[in-house]
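# Close look at the chain arrangement
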Amino acid sequence: MQFVSTRGRAPVLGFSDAVLAGLASDGGLYVPQSWPQIGADEIASFAGKSYAEVAYAIISRFTGDEIAPARLKQIIDDSYAVFRHPSVAPLVELAPGQFVLELFHGPTLAFKDVAMQFLSRIMDHILAERGLKATIVGATSGDTGSAAIEAFRGRDTTDIFILHPQGRTSPVQRLQMTTVLDANVHNIALEGTFDDCQNIVKAMFNNHGFRNRVRLSGVNSINWGRIVAQIVYYFTAGVSLGAPHRPVSFTVPTGNFGDIFAGYCAKAMGLPIDRLIIATNANDILRRTLDTGRYEMAGVAPTISPSMDIEISSNFERLLFEAAGRDAAAVRRMMDGLKQSGGFAVPDMALQAIRRDFAAATTDEDATRATIAQTLKAADYLLDPHTAVGLNVAQQQPHGTTPMITLATAHPAKFPAAVKAASGVDPALPSWLGDLYEREERLSVLANDQQAVEDFITARTRAA
Ligand SMILES: Cc1ncc(COP(=O)(O)O)c(C=O)c1O
Ligand SMILES: N[C@@H](CCOP(=O)(O)O)C(=O)O
């Protein structure tokens, strides 16, 4: 399996090199050259298989012969052994035809663990085989960072530098990152927004001298190694509800578009998905784009679902590439427009293709709080604010004939203040995080300045 850049000017790479590259050298994102197909019989055969077995069936389609089957199986088994639910990603029915897919049973209580546990092990394997060390960077609005730090802590092959927007994560999210004191972990609180963090990460990838000197790699969903692992739970959830014989629909709380793009990939590979619904909070650039055909930045507002406070939705570029018929020149034009004027028009043909596969809707702060309160009352189920955005949007949809699955992307205990204000319930952290507030913190505050971040990394990485 080979991977091509959405901007068409970077080398075509195999799986291992695409994972180590993170972002393509032309600034684009890697996507598979073609979509591997999983036939109806094979999808049906997933019923009754463990999560790790299904993960192997899907991920091995992308690794080809680059990773020996026994080694890949071991990496996948180890990745999902750390989850605290035997199904890894269980489905819960809240009302007839309305389900949530719980993706928060990993070590840091958010869906990011599902991919990050795999990514850290596969990267470690590739680097160790090549006798290399790498510098890992990531931008986070709270969840990617904690999952990445937990997954990469203590590894000899990597130093990890995570940029979070100072003061814009929940306290639990911050502490999950800053109380990890392993020598290879470095937390940067940036004076800016998540988009500023992500811009600096991308700019460091585009600074080829720096990139090569520190052997830069990334853990955001711009890295194909993240998306590939997120495709798996669409299949396991779909099969639990009758796929391939019955189509299913998904509503996905969306920010950087990685999670819902994994659903698009599952569909392209053969999973019968009826509707894919983008759920946004007040930062609704994606909903506006689907409505108007213009991607137009308007400024980020802080919300009670902070992990979705994002305006530069990186993986939307992967969708634009697909929807524009894999026309890399068209993608370059759109991305140039975004960089130069903060917006671009989606060409008509691409917009129509996007609207065929996706719908989008927004939930405001009051409706998010009301959804938390009502779901507790009606179903005795406590939602986190991100999942509440998703569920509210799912409930806004016309009643279809297919089951609707909302992705439950985080545990409510990550956002105790917002959950308590909405429901009166103070969600308890699990036992392994019980003393989180007492742990020692380590972080460095840096200005929103690429050079300052590069200097910080250069002084600390072991990969240079
Ligand atoms: C809890 C939670 N929900 C939803 C999202 C949005 O997911 P994505 O960025 O893949 O669209 C995030 C952040 O990515 C998150 O942390
Ligand atoms: N919400 C994310 C933002 C980064 O998303 P990613 O999936 O591209 O890593 C976070 O919690 O950090």
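Residue indices begin from 1 for each chain and proceed along its sequence in written order. Chain A is the first chain written and ligand 1 is the first ligand written, with later ones labelled in order. Two thresholds apply to this predicted model, a pLDDT of at least 70 for residue-level local features and 80 or more for giving and counting side-chain atom pairs, whereas whole-chain, interface and lining totals are computed over all residues. Working from all heavy atoms in the structure, the side-chain values ignore hydrogens and water.

## Remarks on helix H6 (residues 143–152)
Think of it in three bands: residues with accessible area under 20% of the maximum for their type are buried, residues over 50% are exposed, and the middle band is partly exposed, with areas taken using a 1.4 Å probe on protein chains only. Helix and strand definitions here come from DSSP, where helices need a minimum of 4 consecutive H or I residues and strands a minimum of 2 consecutive E residues; each element is numbered from the N-terminal end. Within H6, nine of the 10 residues are buried, which leaves the element mostly enclosed by the surrounding structure. Among the residues of H6, Asp-143, Thr-144, Gly-145, Ser-146, Ala-147, Ala-148, Ile-149, Ala-151 and Phe-152 are the ones counted as buried. The contact criterion used is simple: two residues touch if any of their non-hydrogen atoms lie within 4.5 Å. Where the residues of H6 are buried, they touch helix H5 (112–130), strand E6 (134–139), strand E7 (158–165), helix H7 (171–178), strand E8 (185–190) and helix H10 (224–240). Where H6 terminates, the next one or two residues include Gly-154, which has phi positive at roughly 75 degrees.

## Concerning the site of ligand 2
Not every one of the 14 residues close to ligand 2 is listed here, only the nearest: Thr-140, Asp-143, Thr-144, Ser-221 and Asn-256. In protein, a polar contact means a hydrogen-donor-capable atom and an acceptor-capable atom, both N or O and within 3.5 Å, with residues adjacent in sequence counting only if both atoms are side-chain atoms; elsewhere, any N or O pair within 3.5 Å suffices. Between ligand 2 and Lys-112 there is a distance of 2.8 Å, counted from an oxygen atom to a side-chain nitrogen or oxygen. Separating an oxygen atom of ligand 2 from a side-chain N or O atom of Ser-221 is a distance of 2.5 Å. Against a free-state accessible area of 340 Å², the protein chains account for coverage of 96% of ligand 2. Residue composition of the shell around ligand 2, grouped by class: three nonpolar, eight polar and three charged. Consider each residue's heavy atoms; a residue with any of them within 4 Å of a molecule or strand counts as near. Note on areas: Shrake-Rupley, 1.4 Å probe, and residue coverage restricted to the protein chains presented here. Gly is put with the polar residues, along with every residue not named as nonpolar or charged; the nonpolar set is Ala, Val, Leu, Ile, Met, Phe, Trp, Tyr, Cys and Pro, and the charged set is Asp, Glu, Lys and Arg.

## Section: the confidence of the model for the chain
Detailed reading of the predicted model is not advised wherever pLDDT is low. Note on scores: pLDDT gives the predictor's confidence for each residue, bounded by 0 and 100. When pLDDT is averaged along the chain, the result is 97; 100% of the residues meet or exceed 70. Prediction confidence for the complex, expressed as pTM and ipTM, is 0.97 and 0.99 respectively.

## Some words on the sheet that holds strand E16 (residues 444–446)
Any two strands are treated as partners once DSSP identifies two or more bridges connecting them. What the five strands build is an open sheet, ordered E9-E6-E7-E8-E16; its pairing is parallel. The sheet is open, and its two edges are formed by strand E9 (216–218) and E16, each paired on a single side. The sheet shows a mean angle of 30 degrees between the axes of neighbouring strands, taken without regard to direction. Sheet analysis places E6 next to E9, joined by three bridges and oriented parallel. From the neighbouring strand, Ile-136 faces E9, where its bridge partner is Ser-217. Against the sheet, H7 contacts E7 and E8, and its axis sits at roughly 160 degrees relative to E7. Orientation is described by lines fitted to C-alpha atoms, with helices fitted over the stretch in contact, and by angles between N-to-C directions that extend from 0 to 180 degrees.

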